Amino acid sequence: MAQTAAPATAVPAITPISLKAIAPWAVFFGILMLVLLYFVGAEQGATAVISGEGVHEWVHDARHLLGFPCH
């Protein structure tokens, strides 16, 4: 009984990603994270963009998890 080896597959070359390709995505996600941080950390009281307690209740547990005071 003859055993045959599986043919070797070529490893694709790794091409570096340029900074110009990453920069727009980094800026987008940076702004998105700042907006989310605002809603979790500061959207209540005098600085509220949205009136009412709705946003506060939606992010209440995230506030405690991240250490923001809210009570």
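Here, residues in each chain are numbered from 1, in the same order as that chain's written sequence. At least 70 in pLDDT is required for a residue's local features to be given in this predicted model, at least 80 for side-chain atom pairs to be given and counted, and no such filter applies to totals for whole chains, interfaces and linings, which use all residues. Hydrogens and water are ignored here; the side-chain numbers use all heavy atoms of the structure.

A short note on the overall build of the protein
A tally of helices and strands in the protein yields 3 helices and 0 strands. Think of it this way: any DSSP run of H or I at least four residues long counts as a helix, any run of E at least two long counts as a strand, and we number them from the N terminus. Ordering the α and β elements of the protein from the N terminus gives α-α-α. Evaluated residue by residue, the protein yields a buried proportion of 11% over its 71 residues. Considering only intrachain contacts with a sequence separation of at least 6, the fraction spanning at least 24 residues in the protein is 20%. When accessible area is computed with a 1.4 Å probe and restricted to protein chains, residues below 20% of their type maximum are described as buried, those above 50% as exposed, and intermediate ones as partly exposed. The contact definition used throughout considers only heavy atoms, calling two residues in contact when any of these lie within 4.5 Å.

A word on the confidence of the model for the protein
Predictor confidence is given residue by residue as pLDDT, running from a minimum of 0 to a maximum of 100. For the protein, the average pLDDT comes to 79, and 79% of its residues sit at 70 or higher. Taken element by element, the protein is modelled with least confidence in helix H2 (residues 54-58), mean pLDDT 74, and with most confidence in helix H1 (residues 19-41), mean pLDDT 90.

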